[in-house]
Amino acid sequence: MDYVSYNGEISKKPQIPLDQGFLYGYGVFETINVAQGKLVFFEDHMERFKQSALVMGLKLTIHPDQIRSECQQIIDKNAMIRGGLRVTLSKGLTADNLLITARENHYDRRMFEQGVKICTADTIRNEKSRLVSIKSNNYLENLLILNEAKALGFSEAVFYNTQGHLAEGCMTNIFLIKNGQVGTPARDCGLLAGIVRNRVIDLLKTNQIPIAEGYYSSDCLLAADEVFITNSLMEIMPVKQLDKRCYGVGPETLTARIDGLFQQAWGQR
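Before going into details, it helps to say that this report is about the structure given with it.

1. Here we look at the overall build of the protein chain
Okay, so step 1: Scanning the protein chain for helices and strands turns up eight helices and 15 strands.
Okay, so step 2: Computed over the C-alpha atoms, the radius of gyration of the protein chain is 19 Å, within 12% of the 18 Å expected from 2.2 N^0.38 for a compact globule of 269 residues.
Okay, so step 3: Along the first, second and third principal axes, the C-alpha set of the protein chain runs to 55 × 40 × 35 Å.
Okay, so step 4: Every one of the 269 residues in the protein chain was classed for burial, and the buried ones make up 51%.
Okay, so step 5: Within the protein chain, counting contacts between residues at least 6 apart in sequence, those at least 24 apart form 69% of the total.
Okay, so step 6: Accessible area for the protein chain stands at about 13,200 Å²; split by element, carbon and sulfur atoms hold 50% of it.

2. Notes on the sheet that holds strand 1 (residues 4-6)
Okay, so step 1: As summarised here, the arrangement of the six strands in space is 2-1-6-5-3-4, forming an open sheet in which the pairing is antiparallel. Looking at strand neighbours, the two that pair on one side only are strand 2 (9-11) and strand 4 (38-39), the edges of this open sheet.
Okay, so step 2: Two elements, strand 3 (residues 27-35) and strand 4, share two bridges in a ladder whose sense is antiparallel. By the bridge assignment, Val34 is partnered in strand 4 with Leu39.

3. Here we look at helix 2 (residues 42-56)
Okay, so step 1: The terminal C-alpha atoms of helix 2, which comprises 15 residues, lie 21 Å apart, in line with the 21 Å expected from a rise of 1.5 Å per residue.
Okay, so step 2: Here helix 2 has its buried residues at Phe42, His45, Met46, Arg48, Phe49, Ser52, Ala53 and Met56. When helix 2 is viewed along its axis, its buried side chains cluster within an angular range of 165° and face the same direction. Residues of helix 2 that are exposed and point over 90 degrees away from its buried face: Glu43, Leu54 and Val55.
Okay, so step 3: Packed against the buried residues of helix 2 are strand 3, strand 4, helix 3 (64-77), strand 5 (82-90), strand 6 (97-103) and helix 6 (195-206).
Okay, so step 4: At the C-terminal side of helix 2, Gly57 shows a positive phi close to 75°.

4. What to know about the nonpolar core
Okay, so step 1: If you look at the biggest cluster of nonpolar residues, it comprises 22 residues, and the most contacted ones within it are Leu39, Phe49, Ile67, Cys71, Leu85 and Val87.
Okay, so step 2: In terms of residues, this core owes the most to one element, helix 2, which gives five residues.
Okay, so step 3: Beyond its immediate sequence surroundings of up to four residues, Phe49 is in contact with Val28, Phe29, Glu30, Leu60, Ile67, Val87, Thr88, Leu89 and Leu98.

5. A short note on empty space enclosed by the protein
Over the atoms rolls a probe the size of a water molecule, and its path tells where empty space is left.
Okay, so step 1: Evaluated as defined, the whole model comprises one cavity of 30 Å³ or more.
Okay, so step 2: The space that makes up the largest cavity amounts to roughly 40 Å³.
Okay, so step 3: Forming the walls of the largest cavity are Asn33, Val40, Phe41, His45, Val196, Ser232 and Glu235.
Okay, so step 4: Of the residues that constitute the lining of the largest cavity, the class distribution is three nonpolar, three polar and one charged.

6. Considerations on the pairing of strand 6
Residues in a regular strand project their side chains so that they alternate between the two faces of the sheet.
Okay, so step 1: With respect to burial, strand 6 is a largely interior element, five of its seven residues being buried.
Okay, so step 2: In the sheet, strand 1 pairs with strand 6 via two bridges, with the strands oriented antiparallel. Paired with Ser5 across the two strands is Ile100, which belongs to strand 6.
Okay, so step 3: With antiparallel pairing between neighbouring strands as the criterion, strand 5 and strand 6 make up a hairpin whose turn holds six residues.

7. As for the side chain of Asp259
Okay, so step 1: By the element assignment, Asp259 lies in helix 8 (residues 254-266).
Okay, so step 2: Separated by 3.3 Å, the side chains of Asp259 and Arg109 make a polar contact.

8. Focus: the packing of helix 2 against helix 3
Okay, so step 1: One can describe the packing of helix 2 onto helix 3 by two numbers: an axis separation of 11 Å at closest approach and a directional angle of 125°. Viewed along their axes, helix 2 and helix 3 adopt a mutual orientation that is oblique. Of the two possible hands of crossing, helix 2 and helix 3 adopt the one that is right-handed. Facing Phe42, Glu43, Met46 and Phe49 of helix 2, the residues of helix 3 in contact are Pro64, Ile67, Arg68 and Cys71.
Okay, so step 2: Residue composition of the contact of helix 2 with helix 3, by class: six nonpolar, no polar and two charged.

Reading the values: rules and limits
Residues numbered from 1 in each chain as written. Predicted model: local features only at pLDDT ≥ 70, side-chain atom pairs only at ≥ 80, totals over all residues. Heavy atoms only, no water. Helix = DSSP H or I, 4+ residues; strand = E, 2+ residues; numbered from the N terminus. Rg over C-alpha atoms; globule rule 2.2 N^0.38 Å. Buried < 20%, exposed > 50% of the residue type's maximum accessible area, 1.4 Å probe, protein only. Contact = heavy atoms within 4.5 Å. Areas by Shrake-Rupley, 256 points an atom, 1.4 Å probe, with all protein chains shown as cover. Pairing = 2+ DSSP bridges. Expected span 1.5 Å × (residues − 1). Arc of directions from axis to C-beta. Core = buried A, V, L, I, M, F, W, Y, C linked by side-chain atoms within 4.5 Å. 1 Å grid on protein atoms, 1.4 Å probe; cavity = no way out; pocket = protein on both sides within 12 Å on 5 of 7 lines; lining within 4 Å. Points joined across faces, edges and corners; volume = space filled by probe spheres on them. Nonpolar A, V, L, I, M, F, W, Y, C, P; charged D, E, K, R; others polar. Polar contact = N/O pair within 3.5 Å; in protein donor to acceptor, adjacent residues only side chain to side chain. Axes fitted to C-alpha atoms, helices over the stretch in contact; angles between N-to-C directions. Parallel < 35°, antiparallel > 145°, perpendicular 65-115°, else oblique. Left-handed = near helix turned anticlockwise from the far one by under 90°.

In C-alpha coordinates, the structure reads:
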(Lines give C-alpha, C1' and ligand atoms only; values in the text may rest on other atoms or scores of the structure.)
Protein backbone atom coordinates (compact mmCIF):
# COMPACT_ATOMS: atom_id res chain seq x y z
CA MET A 1 0.00 0.00 0.00
CA ASP A 2 2.55 2.54 -1.22
CA TYR A 3 0.44 5.39 -2.59
CA VAL A 4 -1.25 8.08 -0.51
CA SER A 5 -3.20 11.22 -1.32
CA TYR A 6 -2.38 14.51 0.40
CA ASN A 7 -4.59 17.48 -0.47
CA GLY A 8 -5.38 15.84 -3.80
CA GLU A 9 -1.82 15.01 -4.80
CA ILE A 10 -1.08 11.29 -5.08
CA SER A 11 2.45 10.08 -4.44
CA LYS A 12 4.54 7.51 -2.59
CA LYS A 13 6.45 10.02 -0.47
CA PRO A 14 4.30 13.09 0.19
CA GLN A 15 5.73 16.16 1.89
CA ILE A 16 3.41 16.48 4.90
CA PRO A 17 3.90 19.55 7.15
CA LEU A 18 3.82 19.16 10.92
CA ASP A 19 0.48 20.86 11.41
CA GLN A 20 -1.63 20.81 14.59
CA GLY A 21 -3.29 17.61 13.46
CA PHE A 22 -0.03 15.70 13.59
CA LEU A 23 1.56 17.59 16.48
CA TYR A 24 -1.44 17.56 18.83
CA GLY A 25 -3.92 15.08 17.39
CA TYR A 26 -6.15 17.96 16.28
CA GLY A 27 -8.07 16.15 13.58
CA VAL A 28 -10.71 13.59 12.70
CA PHE A 29 -10.69 10.49 10.54
CA GLU A 30 -12.75 7.71 9.04
CA THR A 31 -11.69 4.14 8.26
CA ILE A 32 -13.56 2.92 5.19
CA ASN A 33 -13.77 -0.72 4.19
CA VAL A 34 -12.69 -1.65 0.67
CA ALA A 35 -14.20 -4.88 -0.67
CA GLN A 36 -13.91 -6.12 -4.26
CA GLY A 37 -12.12 -2.85 -5.00
CA LYS A 38 -15.15 -0.78 -3.93
CA LEU A 39 -15.80 1.61 -1.03
CA VAL A 40 -18.32 0.26 1.49
CA PHE A 41 -20.84 2.62 3.18
CA PHE A 42 -18.99 5.67 1.84
CA GLU A 43 -21.96 8.04 2.30
CA ASP A 44 -22.39 6.97 5.94
CA HIS A 45 -18.73 7.66 6.61
CA MET A 46 -18.84 11.07 4.95
CA GLU A 47 -21.87 12.13 6.97
CA ARG A 48 -20.11 11.25 10.23
CA PHE A 49 -16.88 12.80 8.93
CA LYS A 50 -18.66 16.13 8.37
CA GLN A 51 -20.28 16.04 11.80
CA SER A 52 -16.98 15.20 13.52
CA ALA A 53 -15.23 18.04 11.67
CA LEU A 54 -17.96 20.44 12.77
CA VAL A 55 -17.56 19.46 16.44
CA MET A 56 -13.78 19.89 16.19
CA GLY A 57 -14.02 23.27 14.47
CA LEU A 58 -12.41 21.96 11.28
CA LYS A 59 -13.29 23.13 7.79
CA LEU A 60 -14.10 20.36 5.36
CA THR A 61 -14.16 22.33 2.13
CA ILE A 62 -13.76 19.37 -0.21
CA HIS A 63 -16.99 17.92 -1.61
CA PRO A 64 -17.65 14.24 -0.79
CA ASP A 65 -17.66 13.43 -4.51
CA GLN A 66 -14.09 14.71 -4.76
CA ILE A 67 -13.08 12.68 -1.70
CA ARG A 68 -14.69 9.61 -3.27
CA SER A 69 -12.73 10.21 -6.48
CA GLU A 70 -9.44 10.54 -4.58
CA CYS A 71 -10.22 7.40 -2.57
CA GLN A 72 -10.88 5.48 -5.77
CA GLN A 73 -7.60 6.71 -7.21
CA ILE A 74 -5.75 5.36 -4.15
CA ILE A 75 -7.57 2.03 -4.52
CA ASP A 76 -6.56 1.85 -8.18
CA LYS A 77 -2.96 2.97 -7.67
CA ASN A 78 -2.45 0.42 -4.88
CA ALA A 79 -4.28 -2.30 -6.82
CA MET A 80 -6.49 -2.86 -3.79
CA ILE A 81 -9.08 -5.62 -3.89
CA ARG A 82 -9.61 -5.86 -0.14
CA GLY A 83 -8.39 -3.51 2.58
CA GLY A 84 -9.16 -0.22 4.24
CA LEU A 85 -8.71 3.48 3.58
CA ARG A 86 -8.15 6.05 6.29
CA VAL A 87 -9.40 9.54 5.43
CA THR A 88 -7.91 12.11 7.84
CA LEU A 89 -8.71 15.82 8.16
CA SER A 90 -6.14 17.69 10.25
CA LYS A 91 -5.90 21.25 11.52
CA GLY A 92 -3.59 23.32 9.31
CA LEU A 93 -2.12 26.78 9.69
CA THR A 94 -4.09 28.46 6.90
CA ALA A 95 -6.27 25.61 5.60
CA ASP A 96 -7.08 22.16 6.95
CA ASN A 97 -5.37 19.20 5.32
CA LEU A 98 -6.83 15.98 3.88
CA LEU A 99 -4.76 12.80 3.90
CA ILE A 100 -5.90 9.45 2.46
CA THR A 101 -3.86 6.34 3.24
CA ALA A 102 -4.35 2.63 2.53
CA ARG A 103 -3.91 -0.45 4.70
CA GLU A 104 -4.55 -4.17 4.64
CA ASN A 105 -7.57 -5.83 6.23
CA HIS A 106 -6.43 -8.73 8.43
CA TYR A 107 -9.92 -9.90 9.44
CA ASP A 108 -11.00 -13.04 7.60
CA ARG A 109 -13.69 -15.73 7.62
CA ARG A 110 -11.52 -18.06 9.67
CA MET A 111 -11.56 -15.53 12.50
CA PHE A 112 -15.33 -15.25 12.19
CA GLU A 113 -15.78 -19.01 12.35
CA GLN A 114 -13.59 -19.32 15.45
CA GLY A 115 -14.58 -16.12 17.23
CA VAL A 116 -12.23 -13.83 19.15
CA LYS A 117 -11.25 -13.39 22.78
CA ILE A 118 -11.75 -10.01 24.44
CA CYS A 119 -11.12 -8.66 27.92
CA THR A 120 -12.36 -5.93 30.25
CA ALA A 121 -10.30 -2.74 30.29
CA ASP A 122 -9.24 -1.48 33.71
CA THR A 123 -9.74 2.12 32.52
CA ILE A 124 -13.10 3.87 32.94
CA ARG A 125 -14.67 5.54 29.91
CA ASN A 126 -15.67 9.17 30.52
CA GLU A 127 -19.05 9.36 28.85
CA LYS A 128 -19.05 13.18 29.24
CA SER A 129 -15.87 13.70 27.21
CA ARG A 130 -16.21 16.00 24.18
CA LEU A 131 -14.24 13.55 22.09
CA VAL A 132 -15.95 10.27 22.99
CA SER A 133 -18.67 10.51 20.34
CA ILE A 134 -16.45 11.57 17.43
CA LYS A 135 -13.65 9.80 15.59
CA SER A 136 -10.80 12.11 16.51
CA ASN A 137 -7.07 11.58 16.07
CA ASN A 138 -6.73 11.33 19.85
CA TYR A 139 -6.61 7.54 19.99
CA LEU A 140 -3.55 7.00 22.16
CA GLU A 141 -5.42 5.79 25.26
CA ASN A 142 -7.33 3.25 23.18
CA LEU A 143 -4.15 2.07 21.47
CA LEU A 144 -2.27 1.64 24.75
CA ILE A 145 -5.09 -0.42 26.25
CA LEU A 146 -5.50 -2.44 23.06
CA ASN A 147 -1.77 -3.22 23.01
CA GLU A 148 -1.95 -4.37 26.64
CA ALA A 149 -4.91 -6.62 25.79
CA LYS A 150 -3.09 -8.12 22.80
CA ALA A 151 -0.03 -8.81 24.96
CA LEU A 152 -2.31 -10.94 27.16
CA GLY A 153 -3.67 -12.88 24.18
CA PHE A 154 -6.90 -10.92 23.60
CA SER A 155 -8.07 -9.22 20.40
CA GLU A 156 -9.95 -6.35 22.03
CA ALA A 157 -10.74 -4.69 25.37
CA VAL A 158 -14.11 -3.23 26.38
CA PHE A 159 -14.85 -0.23 28.57
CA TYR A 160 -17.43 0.57 31.21
CA ASN A 161 -18.31 4.18 31.95
CA THR A 162 -18.39 6.15 35.20
CA GLN A 163 -21.88 4.80 35.95
CA GLY A 164 -20.79 1.19 35.54
CA HIS A 165 -22.55 0.82 32.20
CA LEU A 166 -21.02 -1.01 29.25
CA ALA A 167 -19.75 1.47 26.64
CA GLU A 168 -17.60 0.15 23.77
CA GLY A 169 -14.34 -1.49 22.82
CA CYS A 170 -11.06 0.18 21.93
CA MET A 171 -11.85 -0.24 18.24
CA THR A 172 -15.33 -1.74 18.24
CA ASN A 173 -18.95 -1.49 19.27
CA ILE A 174 -20.37 -4.38 21.26
CA PHE A 175 -23.65 -6.33 21.13
CA LEU A 176 -24.98 -8.94 23.54
CA ILE A 177 -27.69 -11.54 22.97
CA LYS A 178 -29.91 -13.05 25.67
CA ASN A 179 -32.89 -15.32 24.97
CA GLY A 180 -33.04 -14.25 21.34
CA GLN A 181 -32.99 -10.52 22.12
CA VAL A 182 -30.12 -8.28 21.05
CA GLY A 183 -28.84 -5.39 23.12
CA THR A 184 -26.18 -2.74 22.59
CA PRO A 185 -25.12 0.25 24.71
CA ALA A 186 -27.05 3.48 24.19
CA ARG A 187 -25.14 6.36 22.60
CA ASP A 188 -24.96 8.35 25.84
CA CYS A 189 -23.04 5.52 27.53
CA GLY A 190 -19.84 7.00 26.09
CA LEU A 191 -19.24 5.50 22.68
CA LEU A 192 -18.59 6.28 19.08
CA ALA A 193 -21.64 5.08 17.17
CA GLY A 194 -20.01 2.98 14.47
CA ILE A 195 -21.17 2.78 10.88
CA VAL A 196 -21.63 -1.01 11.04
CA ARG A 197 -23.26 -0.71 14.49
CA ASN A 198 -25.92 1.57 13.05
CA ARG A 199 -26.42 -0.64 10.02
CA VAL A 200 -26.82 -3.72 12.22
CA ILE A 201 -29.45 -1.98 14.34
CA ASP A 202 -31.44 -1.05 11.22
CA LEU A 203 -31.01 -4.57 9.85
CA LEU A 204 -32.37 -6.16 13.03
CA LYS A 205 -35.39 -3.86 13.04
CA THR A 206 -36.10 -4.64 9.38
CA ASN A 207 -35.99 -8.38 10.09
CA GLN A 208 -38.10 -8.17 13.28
CA ILE A 209 -35.24 -9.32 15.52
CA PRO A 210 -35.67 -7.67 18.95
CA ILE A 211 -33.02 -4.98 19.47
CA ALA A 212 -32.63 -2.49 22.31
CA GLU A 213 -30.16 0.32 22.91
CA GLY A 214 -29.80 0.43 26.69
CA TYR A 215 -27.70 0.40 29.82
CA TYR A 216 -25.91 -2.85 30.60
CA SER A 217 -23.88 -3.83 33.64
CA SER A 218 -21.02 -6.32 33.69
CA ASP A 219 -23.48 -8.88 35.08
CA CYS A 220 -25.66 -8.45 31.98
CA LEU A 221 -22.70 -8.99 29.71
CA LEU A 222 -21.49 -12.06 31.58
CA ALA A 223 -25.01 -13.52 31.56
CA ALA A 224 -25.40 -13.15 27.77
CA ASP A 225 -25.79 -16.21 25.55
CA GLU A 226 -23.78 -14.66 22.72
CA VAL A 227 -21.65 -11.56 22.21
CA PHE A 228 -20.37 -9.98 19.02
CA ILE A 229 -18.38 -6.86 18.17
CA THR A 230 -18.42 -4.66 15.08
CA ASN A 231 -16.37 -2.16 13.17
CA SER A 232 -16.02 -1.16 9.54
CA LEU A 233 -13.25 -3.60 8.65
CA MET A 234 -14.31 -6.66 10.68
CA GLU A 235 -18.03 -5.99 10.12
CA ILE A 236 -19.57 -8.59 12.53
CA MET A 237 -17.23 -10.67 14.68
CA PRO A 238 -18.41 -13.30 17.21
CA VAL A 239 -16.83 -13.25 20.68
CA LYS A 240 -15.96 -16.67 22.03
CA GLN A 241 -14.54 -15.46 25.34
CA LEU A 242 -14.69 -12.39 27.59
CA ASP A 243 -12.07 -12.60 30.32
CA LYS A 244 -12.79 -16.16 31.57
CA ARG A 245 -16.43 -16.34 30.38
CA CYS A 246 -17.04 -18.37 27.20
CA TYR A 247 -19.90 -17.83 24.74
CA GLY A 248 -21.55 -19.84 22.00
CA VAL A 249 -20.03 -19.51 18.52
CA GLY A 250 -21.02 -21.35 15.35
CA PRO A 251 -23.41 -21.62 12.41
CA GLU A 252 -26.46 -22.25 14.61
CA THR A 253 -26.10 -19.03 16.61
CA LEU A 254 -28.17 -15.88 16.21
CA THR A 255 -24.90 -14.03 15.58
CA ALA A 256 -24.32 -16.21 12.50
CA ARG A 257 -27.86 -15.51 11.30
CA ILE A 258 -27.35 -11.77 11.73
CA ASP A 259 -24.08 -11.97 9.84
CA GLY A 260 -25.83 -13.87 7.06
CA LEU A 261 -28.46 -11.16 6.79
CA PHE A 262 -25.75 -8.49 6.79
CA GLN A 263 -23.81 -10.24 4.02
CA GLN A 264 -27.01 -10.74 2.04
CA ALA A 265 -27.80 -7.04 2.28
CA TRP A 266 -24.36 -5.49 1.85
CA GLY A 267 -21.68 -8.17 1.76
CA GLN A 268 -18.94 -8.10 -0.84
CA ARG A 269 -16.61 -10.77 0.57
